[in-house]
Amino acid sequence: MDSKAVKDAVFQQVVAESNLANARVLIEACVLQKIQENCFEKCITKPGGSISSGEQSCATACMEKYMNAWNHVNSAYITRARQEGAGTQ
Amino acid sequence: MSLSQSPLDGLNLEALNDQDKAEIRQFLSKQQQRSQIQAQTHQLTQVCWTKCVPGAVKSGKLDKTEETCLANCVNRFMDLNLLTVKHLQNMRS
């Protein structure tokens, strides 16, 4: 195998591992857990005998909102990190 | 990620020339940066969600106040982060 073939194999392998195998599962599990914790806190204030329709619609809105918040925080963080990077260089 | 058991073991890394080695290094640091940003975003979302979305959830969309609060929250968190680093450095010297 020549250098380029090895390099391409390394790239492919790293992307495959970080996207699919480990990171994705971790990220999804992490998001799931966070959403679950936060929306349970918000929407199931007094746990009853079964989940009410009000609780369900609250939970749906909450999940959507949490993901929106995630995206918003992510872009704010990236913007800030870029500025920091530009400032220190 | 356990690279020790990955299929990379089968590759002849000796075959890499210097330019390709440098490219791999750059690529790896980008990947690492990406996952660090994601991890940091998780932490920040948790912190800022508590601060900026305190009441009952009425809609799945963020309103303007919440959006502003989240962006400010991230920036103030970073400010505090820098301040803390500086403070610790001062204590050390």
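What you see is a predicted model, and the numbers here were worked out from it, not measured in a lab.

J.: Looking at this structure, how should I read the overall build of chain A?
T.: Summing up its helical and strand segments, chain A has 3 helices and 0 strands in all. The linear arrangement of helices and strands in chain A, starting from the amino end, is α-α-α. Within chain A, the fraction of its 89 residues that count as buried is 33%.

J.: In this structure, what is going on with the packing of helix α1 (residues 18–52) of chain B against helix α2 (residues 64–92) of chain B? I would like to understand it.
T.: Angle between the axes and distance between the axes are the two parameters that describe a pair of packed helices. All names here are of chain B. The contact between α1 and α2 brings their axes to 9 Å, and the two run at 125 degrees. Taken as axis vectors, α1 and α2 run oblique relative to one another. α2 is crossed by α1, and the crossing has right-handed handedness. Of the residues in α2, those in contact with Q40, Q43, L44, V47, C48, W49 and C52 of α1 are E66, C69, L70, C73, V74 and F77. A per-class count over the contact of α1 with α2 returns 10 nonpolar, 2 polar and 1 charged.

J.: Sorry, what's going on with the nonpolar core here?
T.: In a soluble, globular protein the nonpolar side chains are often hidden away together inside. In terms of nonpolar packing, the biggest core is built from 22 residues, with C62 of chain A together with W49, L70 and V74 of chain B touching the most fellow members. Looking at this core element by element, the count peaks at 8 residues for helix α3 (residues 53–88) of chain A. Discounting chain neighbours no more than four positions away, the residues touching W49 of chain B are N38, K42, C62, K65, Y66 and A69 of chain A together with L44 and L70 of chain B. Formed by 9 residues, the second largest nonpolar core is a distinct cluster that contains V10 and F11 of chain A together with L16 and F27 of chain B.

J.: Teacher, can you tell me more about α2 of chain B here?
T.: For an α-helix, the turn length of 3.6 residues means that residues three or four places apart are oriented alike. Residue and element names in this part refer to chain B. Look at α2: 42 Å from first C-alpha to last across 29 residues, which is about the 42 Å you get at 1.5 Å a residue. For α2, the set of buried residues is E66, L70, C73, V74, N75 and M78. With a side-chain oxygen positioned 3.1 Å from the backbone nitrogen of T65, the residue opening α2 is D63.

J.: How do you make sense of the UniProt feature "domain: Tim10-like" (unreviewed entry) in chain B when you look at a structure like this?
T.: Feature annotation in UniProt assigns "domain: Tim10-like" (unreviewed entry) to the following positions: residues 26–90 of chain B. For residues 26–90 of chain B, helix accounts for 83% and strand for 0%, while the C-alpha atoms at its two ends are 33 Å apart.

J.: What is the right way to read the interface of chain B and chain A from this model?
T.: By a widespread convention, an interface's size corresponds to the accessible area lost as its parts come together. Listed as interface residues are 44 residues of chain B and, on the opposing side, 40 residues of chain A. The junction of chain B with chain A conceals about 4,100 Å² of combined surface from both sides, 68% of it contributed by carbon and sulfur atoms. Counting across the chain B and chain A interface gives 4 salt bridges. The partner of D20 of chain B in a salt bridge is K7 of chain A, and the shortest N-O contact between them spans 3.0 Å. Scanning the region where chain B abuts chain A turns up 18 residue pairs in polar contact (both at pLDDT 80 or more).

J.: Would you explain the side chain of K65 of chain A in this entry?
T.: Its place among the elements puts K65 of chain A in helix α3. One polar contact links the side chain of K65 of chain A to the main-chain carbonyl oxygen of S59 of chain B, over a distance of 3.4 Å. Excluding anything up to four places from it in sequence, K65 of chain A contacts W49, V53, V57, S59, G60, K61, L62 and E66 of chain B.

J.: For this particular structure, what's the right way to read the environment of R80 of chain A?
T.: If you trace the backbone, R80 of chain A turns up in helix α3. Apart from residues no more than four positions distant in its own chain, R80 of chain A is found in contact with N75, M78, D79 and L82 of chain B. Engagement of the side chain of R80 of chain A in a polar contact is seen with the side chain of E84 of chain A, the distance being 2.5 Å.

J.: Could you clarify how one ought to interpret the environment of V74 of chain B in this entry?
T.: As for its placement among the helices and strands, V74 of chain B is situated in helix α2. When near neighbours in sequence (up to four residues on either side) are disregarded, V74 of chain B contacts V73, A76 and Y77 of chain A together with L44 and C48 of chain B.

Reading guide: rules and limits
Every chain begins its residue count from 1, and numbering advances along the sequence as written. Naming scheme: in the order in which they are written, chains are lettered from A and ligands are numbered from 1. Where totals are concerned, whole chains, interfaces and linings use all residues; where local detail is concerned, this predicted model gives features only for residues with pLDDT of at least 70, and gives and counts side-chain atom pairs only at 80 or more. Calculation of side-chain values draws on the structure's entire complement of heavy atoms; hydrogens and water are dropped beforehand. To qualify as a helix, a DSSP run of H or I must reach at least 4 residues; to qualify as a strand, a run of E must reach at least 2; elements of each kind are numbered from the N terminus. Here's how the labels work: a residue is buried when its accessible area is under 20% of the maximum for its type, exposed when over 50%, partly exposed in between, all with a 1.4 Å probe on protein chains only. Whenever a helix is involved, its axis is fitted only over the stretch in contact; in every case the axis is a line through C-alpha atoms, and angles between N-to-C directions fall within 0 to 180 degrees. Each angle gets one of four labels, with under 35 degrees taken as roughly parallel, over 145 as roughly antiparallel, 65 to 115 as roughly perpendicular, and the rest as oblique. Here a crossing is called left-handed whenever its near helix is offset anticlockwise from the far helix by less than a right angle, and right-handed whenever the offset is clockwise. We call two residues in contact when some of their heavy atoms are within 4.5 Å. Residue classes follow a fixed rule: Ala, Val, Leu, Ile, Met, Phe, Trp, Tyr, Cys and Pro count as nonpolar, while Asp, Glu, Lys and Arg count as charged, and any other residue, Gly among them, counts as polar. Here, nonpolar core means buried Ala, Val, Leu, Ile, Met, Phe, Trp, Tyr and Cys residues that are tied together by side-chain atoms lying within 4.5 Å of each other. Expected span of a helix, by definition, is 1.5 Å for each gap between consecutive residues, and there is one gap fewer than residues. Throughout this description, a polar contact denotes any pair of N or O atoms lying within 3.5 Å of each other; where both atoms belong to protein, one of them has to be capable of donating a hydrogen while the other can accept it, and for residues adjacent in sequence the pair is counted only when both atoms sit in side chains. UniProt positions are given in the numbering used here, feature names are shortened, and annotations may be inferred rather than shown by experiment. Once two parts are brought into contact, the accessible area they lose, counted with a 1.4 Å probe and summed over both, makes up the buried area. For this document, the term salt bridge refers to a Lys or Arg side-chain nitrogen within 4 Å of an Asp or Glu carboxyl oxygen.

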